[in-house]
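Here are the chains, one letter per residue:
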Amino acid sequence: MADIIQLLPDHVANQIAAGEVVQRPASVVKELLENAIDAGADTIKLIIKDAGKTLVQVIDNGKGMSNTDARLSFERHATSKIRSAEDLFQLHTKGFRGEALASIAAIAHVELKTKQETDDVGNCLIIEGSNVVSQDIVVTPTGTSVSVKNLFFNIPARRNFLKSDSVELRHVIDEFHRVALAHPNISFALYNNGSESFNLPISNYRQRIVNIFGSKTNEKLVPVEEDTEVLKISGFVGKPEFAKKTRGEQYFFVNDRFIKSAYLNHAIASAFDGLLKTGTHASYFLNLKVDPQTIDINIHPTKTEIKFDDEHTLYAILRSAVKHSLGQFNIAPVLDFDRDPNLDTPYSYKRSDTDTPKVEVDRSFNPFQDEVNSKARAIAYKKEPSPSWEGLYVGLESKGNESKPNFTEVRFESEEQTASIFEEDNQVEKSQTTYQLHNKYIVSTIKSGMLVIDQHRAHQRVLYEDFLQNLTIKEAASQQLLFPLQLHFSPQDIEIIKQLKVDLEHTGFAFSSVKEEFVDITGVPVGVPESEVSIILEQLISDVENEVPDSHFSASDLLAKSMAKSLAIKTGQTLQKDEQEHLVNKLFACKEPNVSPTNRATFITMSVDELDKKFI
Ligand code: ADP
Ligand code: MG
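Given the structure is predicted, the values throughout are model-derived calculations rather than measurements. (Residues numbered from 1 in each chain as written. Chains lettered and ligands numbered in written order. Predicted model: local features only at pLDDT ≥ 70, side-chain atom pairs only at ≥ 80, totals over all residues. Heavy atoms only, no water.)

Chemist: Which residues make up helix 13 (residues 455-473), and what values do they have?
Modeler: For an α-helix, 3.6 residues make a turn, and residues three or four places apart therefore share a direction. In this model, helix 13 (19 residues) spans 27 Å end to end at C-alpha, consistent with the 27 Å of a helix rising 1.5 Å per residue. Burial within helix 13 is extensive, with 14 of its 19 residues counted as buried. Between the side-chain oxygen at the start of helix 13 and the backbone nitrogen of histidine 456 there is a gap of 3.1 Å, and the oxygen is on aspartate 454. Phi for lysine 474, located one or two positions after helix 13, is positive at around 55 degrees. (Helix = DSSP H or I, 4+ residues; strand = E, 2+ residues; numbered from the N terminus. Expected span 1.5 Å × (residues − 1). Buried < 20%, exposed > 50% of the residue type's maximum accessible area, 1.4 Å probe, protein only. Polar contact = N/O pair within 3.5 Å; in protein donor to acceptor, adjacent residues only side chain to side chain.)

Written out as structure tokens, the structure is:
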């Protein structure tokens, strides 16, 4: 019988491979963006038309390709990234299969323009369905531009299989987000049908997240840091109260590569155990760094799955790091549903267990005090400065002179210079009490009708004016920490802290050193819990970075705004009657009670007339 086995022609093999690599326009986006990153670009533009069905173009300023490489890059298994199978275990690049360009060129019209820095002119190569149509010399900037037009033009079945533009666009944007989140050190822009959808400058990770997901995201993030032999973790988890109904914002990056892992996702979910309302999912943006030898990313053609050597250990480390952060940033107390008892004691206190003998005098040491305090602080930011001998123990929030700790007690500021609107202005009738609506608004009656106050904005105003005053008089009380607090920042962030150091000291911070990547803090403003210090500084840094171009920028104003934002009572926090009244009084004692520090209304009024009209 005749032999029947044949080798498939290259273009057929490429089309088959394309089926694995390219499912939809978003797959092209991923491959082209990854190639641009591997080429060392620090500016990458993505241009799409009709959700990528008509055009996906990626322009980078990377190293470009030589004449020959430009041609070779479209051959199957043509890659500059690995030379032997062993290299697979030392991967520091995104690509390695040498399949992407060959596959894409098999099923689309591709135009490649590329130039290396050392060359005067570049190359332009046009390939349609694996056929090279032309290769010419062109004038083009250093770097590479790949345009992929008319995807699946020669496979109508696949083209018809594509979803609506809005669905495909969603996939494209998801892919863009993943790549952009993994590389905050690269600037990315996305243009969709001629208009700019994203413009992400080079920034730190927090800013990158905020630039992608919006400025509101900033206050939702809790930093997670862990550094062990086998695994380094950095990034953020979303505060439980902002958990989403959908699994939208969940990102793991392993060695800068986006991956999906149900197992590691479970580790996070279990760290949040008891903190989330049923049916909601925590957000996370976590970068894991592991030795490339301990992972195998080769198991899936689209490379979003990964095999770890020691998944169990990673699981345990990840879970405990996230738990630690949630505890350290005092997330639990703001929740009014069941919470994890492990989180009741902030970490720093747990760790100081062995030091109890040092605070022997303090029989009433109360690990829950911080919770109570954070609430008390919410209303009475400026507590009376402690006598100096006692200052030594404030790091533990101990109050030796209070014989009976009262867990529900709320302490108010002692010097009360507020002009009470309940009495003086006669705006609010004295006998009238306040009422909290949806843990968000404080409702009260005034002579003309009704007053509705936004608790978060109102408290921001109160704190803002307090801080501004402290910054001007430059003698805010500081509480000395029992153990200096060391925080880690990027060198870029350290520069910002250095610039703000003097102003920060005026608010009550004390530093023993600010250098390289560490800040050693020996004192914090009275009433600010140690656990919030890092979040305040993070917030501040990101506010400074976001507002620097603003011509009205003034360091102390920004500092006061930022700290007020970090420390103000949040929407969702239940306030006792006296806390509500106190906040109302403090607000109306402010210079500008009407607006928050960011110029948003702090309250509205509704007159009886207006109410009457509604009942006509
Ligand atoms: P892989 O990325 O797996 O190596 P690709 O088919 O994606 O395979 O790319 C083939 C080769 O083409 C790459 O190894 C690289 O040398 C070159 N290349 C592709 N895109 C670019 C680019 N944007 N800039 C420079 N070189 C590129
Ligand atoms: Mg590639």
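Text resumes after the structure shown.
Chemist: Give me the site of ligand 1: which residues, what numbers.
Modeler: Near ligand 1 you find 18 residues, and of these Asn35, Thr79, Ser80, Lys81 and Gly98 are the closest. Note that a nitrogen atom of ligand 1 is positioned 2.9 Å from one of the side-chain N or O atoms of aspartate 60. In this structure, leucine 101 approaches ligand 1 through a main-chain N or O atom, which is 2.9 Å from an oxygen atom. When isolated, ligand 1 has an accessible area of 530 Å², and the protein chains bury 92% of it. Across the shell around ligand 1, the residue classes tally to six nonpolar, eight polar and four charged. (Near = heavy atom within 4 Å. Areas by Shrake-Rupley, 256 points an atom, 1.4 Å probe, with all protein chains shown as cover. Nonpolar A, V, L, I, M, F, W, Y, C, P; charged D, E, K, R; others polar.)

Chemist: Outline unusual backbone geometry, listing residues and values.
Modeler: Phi at aspartate 50 is positive, roughly 50 degrees, even though this residue is not glycine. Within the secondary structure, aspartate 50 is located in the loop between strand 1 (43-49) and strand 2 (55-60). The exposure class assigned to aspartate 50 is partly exposed, which follows from its relative accessible area of 32%. Although it is not a glycine, serine 130 adopts a positive phi angle of roughly 70 degrees.

Chemist: If you had to explain the pattern of salt bridges to someone new, which residues and values would you point to?
Modeler: The full count for this structure, using the stated rule, is 13 salt bridges. Taking the shortest distance from any N to any O, the salt bridge between arginine 24 and glutamate 168 comes out at 3.0 Å. Of this pair, arginine 24 sits in the loop between helix 1 (10-21) and helix 2 (25-38) while glutamate 168 sits in helix 6 (residues 165-182), and the two are 144 residues apart along the sequence. Pair check on accessibility: arginine 24 and glutamate 168 agree, each one buried. (Salt bridge = Lys/Arg side-chain N within 4 Å of Asp/Glu carboxyl O.)

Chemist: Give a description of the side chain of glutamine 479 that names residues and reports values.
Modeler: Tracing the sequence through the fold places glutamine 479 in strand 19 (residues 478-488). According to the relative accessible area criterion, glutamine 479 is buried, its value standing at 7%. A polar atom in the side chain of glutamine 479 sits 3.4 Å from the backbone oxygen of valine 528.

Chemist: An account of the packing of helix 13 against helix 16 (residues 555-567) is needed here, citing residue identities and associated values.
Modeler: Axis separation between helix 13 and helix 16 bottoms out at 8 Å; the angle between their running directions is 140 degrees. Taken as axis vectors, helix 13 and helix 16 run oblique relative to one another. Considering how the two elements wind past one another, helix 13 and helix 16 form a crossing that is right-handed. Between helix 13 and helix 16, the contacting residues are His456, His459, Gln460, Leu463, Tyr464, Phe467, Leu468 and Leu471 on the first element and Ser556, Asp557, Leu559, Ala560, Lys561, Met563, Ala564, Lys565 and Leu567 on the second. (Axes fitted to C-alpha atoms, helices over the stretch in contact; angles between N-to-C directions. Parallel < 35°, antiparallel > 145°, perpendicular 65-115°, else oblique. Left-handed = near helix turned anticlockwise from the far one by under 90°. Contact = heavy atoms within 4.5 Å.)

Chemist: Tell me about the sheet that holds strand 8 (residues 195-200), and please be specific about residues and values.
Modeler: With respect to topology, eight strands assemble into an open sheet ordered 5-4-3-6-2-1-7-8, the strand pairing being mixed. Edge positions in the sheet fall to strand 5 (131-138) and strand 8, since each has one partner strand and no second. The average angle at which neighbouring strand axes cross in this sheet is 10 degrees, direction not considered. As judged from the seven bridges shared by strand 4 (residues 122-128) and strand 5, these two strands associate in the antiparallel manner. Along strand 5, the bridge assignment pairs glycine 122 with valine 138. Across the face of the sheet, helix 7 (residues 205-213) comes into contact with strand 7 (187-192) and strand 8 while running at roughly 160 degrees to strand 8. (Pairing = 2+ DSSP bridges.)

Chemist: Account for the pairing of strand 13 (residues 284-289), with residues named and values stated.
Modeler: By the criterion of burial, strand 13 is predominantly enclosed, with five of the six residues buried. When strand 10 (residues 232-238) meets strand 13, the two strands line up antiparallel, connected through six bridges. By the bridge assignment for strand 13, valine 237 is matched with tyrosine 284. Bridge count between strand 11 (residues 250-254) and strand 13: five bridges; the pairing is parallel. Looking at the pairing, phenylalanine 252 lines up with leucine 286 of strand 13.

Worth remembering: the numbers are spatial, not functional.
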